[in-house]
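Reading the structure
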Amino acid sequence: MIYSEFNNAFLSCLNRYEMGQICIVADKNLIRHKEWMAARPLQELPVLWLKVSEADKSIETVMQIWDFLLEHELTRRGLLLCIGGGVLTDTCGFAAATYKRGIDYINVPTTLLGMIDASSGGKTGINYRGLKNAIGVFANPVETIIYPGWLTTLPSDQFLSGFGEMLKTGLITNCQKREGSSLWERLLQYDLDTMEIQSLTPLIESCVSAKEEIVNTDPHERGLRKILNFGHTFGHALEEIQMNNEPSKWPHGYAVVYGLIAELYLSVVKLGCPKAPLQQLTQIMIHYYGKPQCKCSDYKRLIDFMKQDKKNEHADEINCTLIRAVGSPVINQKVSENEAKEAFDYLFSL
């Protein structure tokens, strides 16, 4: 849920658990923002401060969390509070879901990407042998506390990363407000130069509601939920290349934007999608996100990564979600190697 005030929402959730059975795992970057720990009950809880990056999304970090929970003797009636960005909530959620066959956890996303995507939906996991989110389980948090006030100190690249996932949601959903504007149109109207939080909050609410509706219909990604993967088949491959070449050069949401461009191009070519969304997103990418630095020599690795994507139902295939138009996604679209190279050619030529 989205809250305008943080501590009251936080404390109301804790009342359902014994204080001796609650632990916190938090992003180490939040040490300098300890206002959120002002409430006395929070000051009495043990905290594990973690460094979080894609490189830390590993079994070693999960083991560190398990050791922390064992040290503080959490039982199966315990609660883990996960406070940080999407990497942290993914990793902590997996640790909670597997500790003593599963304990309750609450996500408190502190980044825009975490609020929009990672903290809800029940996908938890870690990277393994260079493959993003290769190991994980579906396990829903008992609560997700979204407080937009966290975003006032968010670095601009992290803000843009989260907005990339919002753009994806706008492209796949047809939800409209009473005045008739689609979510995509409202996102295009948002002023990214100001990164103003008050006007962003209703957009966050719309994106979260859209995702919740999709996830509730298809919690284990058998069908409809696959539309949330739009932009991610190409995006994850680009992210894998970046992680192996220059770790932390750009965050996840940038890869999503680049993947959306490639998959929008294929949507135009294969499904007759109007060109306007591709042109609109291309302008946003060039102005705010820049261009991915990849070469033709990367194509084989990119395609190999896409063939290993966890969303594929068969080996040696490339499976994408595409759209016929804004708000009209189509799942399970097979893409040939030549089509993939053509889409990369378009992206890299911009």
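Remember, predicted model here, so these are calculated numbers, not experimental data.

Bringing the overall build of the protein chain into the picture now. From N to C terminus, the protein chain includes 13 helices and 9 strands. Against the globule reference of 20 Å for 350 residues, the protein chain gives a C-alpha radius of gyration of 20 Å, in line with a compact fold. Seen along its three principal axes, the alpha-carbon backbone of the protein chain occupies a region of about 60 × 45 × 35 Å. Counting over 350 residues, the protein chain shows a buried share of 58%. Taking the average place of the 35 positive charges on the side chains of the protein chain and the average place of its 41 negative ones, the gap between the two points comes to 3 Å.

Two strands pair when backbone bridges link them, and strand β5 (residues 123–128) and strand β6 (residues 131–138) are joined in this way by 5 bridges, in the antiparallel orientation. Counted as the bridge partner of T124 is V137 from β6. What sits between β5 and β6 in their antiparallel hairpin is a turn of 2 residues, with R129 showing a positive phi close to 50 degrees.

Attention now moves to unusual backbone geometry. Its identity as a non-glycine residue notwithstanding, K100 has a phi of 50 degrees, on the positive side. Considering the arrangement of structural elements, one finds K100 in the loop between α4 (86–98) and β4 (104–109). For K100, a relative accessible area of 39% corresponds to the partly exposed category. Residue E221 is not a glycine yet carries a positive backbone phi of 60 degrees. Within the element layout of this structure, E221 appears in the loop between α8 (197–217) and α9 (232–245).

What follows deals with the nonpolar core. Among the nonpolar cores identified, the biggest contains 86 residues, and L112, F163, M166, L200, I204, F234 and Y289 are the most heavily contacted of them. A per-element tally of this core places helix α10 (residues 252–271) first, with 13 residues. The residues contacting F163, other than those within four sequence positions of it, are L112, L187, Y190, L192, L200 and Y289.

Right, let's talk about the sheet that holds strand β3 (residues 79–84) for a bit. What links the strands of a sheet is backbone hydrogen bonding, and the strands pair in either a parallel or an antiparallel sense. Across the sheet, which stays open at both edges, the 5 strands sit in the order β2-β1-β3-β4-β7 with parallel pairing between neighbours. Both edges of this open sheet fall to β2 (47–50) and β7 (143–144), since each of them pairs with a single strand only. Two strands pair when backbone bridges link them, and strand β1 (residues 22–27) and β3 are joined in this way by 5 bridges, in the parallel orientation. By the bridge assignment, C23 is partnered in β3 with L80. Docked against the sheet, helix α3 (residues 59–71) engages β1, β2 and β3, running at close to 165 degrees with respect to β2. Lying over the sheet, α4 contacts β1, β3 and β4, oriented at roughly 165 degrees with respect to β3.

Across its 21 residues, α8 extends 30 Å between first and last C-alpha, which sits within 8% of the 30 Å expected from 1.5 Å per residue. Taken residue by residue, α8 has I197, L200, L203, I204, S206, C207, V208, A210, K211, I214 and V215 as its buried positions. Packed against the buried residues of α8 are α5 (112–118), α6 (156–172) and α7 (183–189). Capping the start of α8 is the job of one residue whose side-chain oxygen sits 2.9 Å from the backbone nitrogen of Q198: E196.

Moving on, we come to the pattern of salt bridges. Counted under the stated rule, the structure contains 11 salt bridges. K211 is the partner of D117 in a salt bridge, and the nearest nitrogen-oxygen pair spans 3.1 Å. Of this pair, D117 sits in helix α5 while K211 sits in helix α8, placing them 94 residues apart in sequence. Grouping residues by exposure puts D117 and K211 together as buried. Close ionic contact of E339 with K270 constitutes a salt bridge, the shortest N to O distance being 3.1 Å. Pair noted here: E339 is in helix α13 (residues 337–349) and K270 is in helix α10, with a separation of 69 residues, a long-range link.

Next up on the list: the pairing of strand β8 (residues 319–325). The buried count for β8 comes to 5 of 7 residues, which makes it a mostly enclosed element. Sheet topology note: the β8/strand β9 (residues 328–334) ladder contains 5 bridges and is antiparallel. Within β9, the residue paired with C320 across the bridge is Q333. Between β8 and β9, which pair antiparallel one after the other, the connecting turn spans 2 residues, and G327 there sits at a positive phi close to 85 degrees.

This part takes up the state of the cysteines. Scanning the entire structure with this criterion turns up 0 disulfides. The closest cysteine sulfur to the non-disulfide-bonded C82 is located on C92, 4.3 Å from its own sulfur.

We now examine the environment of Y289. Locating Y289 in the fold gives a position in helix α11 (residues 276–289). Along the primary structure Y289 and L302 are separated by 13 residues, whereas in three dimensions their C-alpha atoms are 20 Å apart. Among all residues touching Y289, those that are not within four sequence positions of it are L160, F163, G164, L167, Y254, V257, Y258 and I284.

What follows deals with the packing of α6 against α10. Relative orientation of the contacting elements α6 and α10 amounts to 35 degrees, with a least axis distance of 7 Å. Crossing handedness for the pair α6 and α10: left-handed. In this structure, α6 uses D157, L160, S161, G164, E165, K168 and L171 to contact α10, whose residues at the interface are H252, G253, Y254, V256, V257, L260 and L264. Split into classes, the residues belonging to the contact of α6 with α10 amount to 7 nonpolar, 4 polar and 3 charged.

Calculation criteria
Residues numbered from 1 in each chain as written. Predicted model: local features only at pLDDT ≥ 70, side-chain atom pairs only at ≥ 80, totals over all residues. Heavy atoms only, no water. Helix = DSSP H or I, 4+ residues; strand = E, 2+ residues; numbered from the N terminus. Rg over C-alpha atoms; globule rule 2.2 N^0.38 Å. Buried < 20%, exposed > 50% of the residue type's maximum accessible area, 1.4 Å probe, protein only. Lys, Arg positive; Asp, Glu negative; His and termini not counted. Charge placed at Lys NZ, Arg CZ, Asp CG, Glu CD. Pairing = 2+ DSSP bridges. Core = buried A, V, L, I, M, F, W, Y, C linked by side-chain atoms within 4.5 Å. Contact = heavy atoms within 4.5 Å. Axes fitted to C-alpha atoms, helices over the stretch in contact; angles between N-to-C directions. Expected span 1.5 Å × (residues − 1). Polar contact = N/O pair within 3.5 Å; in protein donor to acceptor, adjacent residues only side chain to side chain. Salt bridge = Lys/Arg side-chain N within 4 Å of Asp/Glu carboxyl O. Disulfide = S-S within 2.5 Å. Left-handed = near helix turned anticlockwise from the far one by under 90°. Nonpolar A, V, L, I, M, F, W, Y, C, P; charged D, E, K, R; others polar.

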